[in-house]
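Okay, here's what each chain looks like letter by letter:
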Amino acid sequence: DAGITQSPRHKVTETGTPVTLRCHQTENHRYMYWYRQDPGHGLRLIHYSYGVKDTDKGEVSDGYSVSRSKTEDFLLTLESATSSQTSVYFCAISESGGATDTQYFGPGTRLTVL
Amino acid sequence: QKEVEQDPGPLSVPEGAIVSLNCTYSNSAFQYFMWYRQYSRKGPELLMYTYSSGNKEDGRFTAQVDKSSKYISLFIRDSQPSDSATYLCAMNPGNNRKLIWGLGTSLAVNP
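Enquirer: Would you mind going over the overall build of chain B with me for this structure?
Expert: Looking only at helices and strands, one finds zero helices and eleven strands in chain B. Reading chain B from its N terminus to its C terminus gives the helix and strand order β-β-β-β-β-β-β-β-β-β-β. Scaling as 2.2 N^0.38, a compact globule of 111 residues should have a C-alpha radius of gyration of about 13 Å, and chain B matches this with 13 Å. Dimensions along the principal axes, computed over C-alpha positions, put chain B at roughly 40 × 30 × 25 Å. Each of the 111 residues in chain B was classed as buried or not, and the buried ones make up 41%.

Pasting the structure below:
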């Protein structure tokens, strides 16, 4: 998985609790992305980062926040988890963010919100 | 109507068959087209990308783009059980960093 790790790999939590997912890369790529993948919806971009402390929203950013204090780490926080946020979350990285730039994906985090 | 339409399948074929996977799109501004493969419980990985109409070959895989019909295809020749995966198309108009994804087609190649 191209030097990308995600933690935790599995998590079960309760509605209303905060949750933080971590993505760590060893490739020194500038761009990092958080996606969620759900049946019937496919991959949807939540937030992305184009450098340390530089982030922007994707198409489904409500209820999520991100932070990137180091090149190698990109954190996704669910402020108050809801059952609709039960999903598989993927982190991806790319070198330059260009249109033809390959996105490399991590192994995913399976999150269940009860 | 979604910007990218992809039949989710599932598609089941015998080993050795030729497989055709397709996506249609509505935005004529799309210029870059990718196919990603995703094995069960893994992240997607890039298989091929093209940026013009026509065909591009890589081993048993051929990516085809028909911009006039807004239609892209991925052909797999001599399909193998190891090709069993979900295949996602993705595209980009070229002026931003956000890929637009199809839902993915689940393929099973039976020995």
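Enquirer: Teacher, can you tell me more about the side chain of Gln37 of chain A here?
Expert: Assignment of secondary structure puts Gln37 of chain A in strand β4 (residues 31–38). For Gln37 of chain A, the side chain forms a polar contact with the side chain of Gln38 of chain B, separated by 2.9 Å. Ignoring anything within four residues of it in the chain, the contact list for Gln37 of chain A reads Gly42, Leu43, Ser87, Val88 and Phe90 of chain A together with Gln38 and Leu88 of chain B.

Enquirer: Would you mind showing me how to read the interface of chain A and chain B here?
Expert: How big an interface is tends to be reported as the loss of accessible area on association of its parts. The partner chain B presents 19 residues to the 22 residues of chain A that form the contact. Summed over both partners, the interface of chain A with chain B buries about 1800 Å², with 56% contributed by carbon and sulfur atoms. The largest share of the area that chain A buries against chain B comes from Leu43, Ala99 and Thr100 of chain A, three residues that together contribute 29% of it. At the junction of chain A and chain B, the tally comes to zero salt bridges. In this structure, the connection of chain A to chain B is made through four residue pairs in polar contact (both at pLDDT 80 or more). Listing elements by their share of the side of chain A that touches chain B, those giving two or more residues are β4 and β5 (42–51) of chain A. When grouped by side-chain class, the residues that make up the side of chain A that touches chain B number ten nonpolar, nine polar and three charged.

Quick notes on the rules
Residues numbered from 1 in each chain as written. Chains lettered and ligands numbered in written order. Predicted model: local features only at pLDDT ≥ 70, side-chain atom pairs only at ≥ 80, totals over all residues. Heavy atoms only, no water. Helix = DSSP H or I, 4+ residues; strand = E, 2+ residues; numbered from the N terminus. Rg over C-alpha atoms; globule rule 2.2 N^0.38 Å. Buried < 20%, exposed > 50% of the residue type's maximum accessible area, 1.4 Å probe, protein only. Polar contact = N/O pair within 3.5 Å; in protein donor to acceptor, adjacent residues only side chain to side chain. Contact = heavy atoms within 4.5 Å. Buried area = accessible area lost by both parts, 1.4 Å probe. Salt bridge = Lys/Arg side-chain N within 4 Å of Asp/Glu carboxyl O. Nonpolar A, V, L, I, M, F, W, Y, C, P; charged D, E, K, R; others polar.

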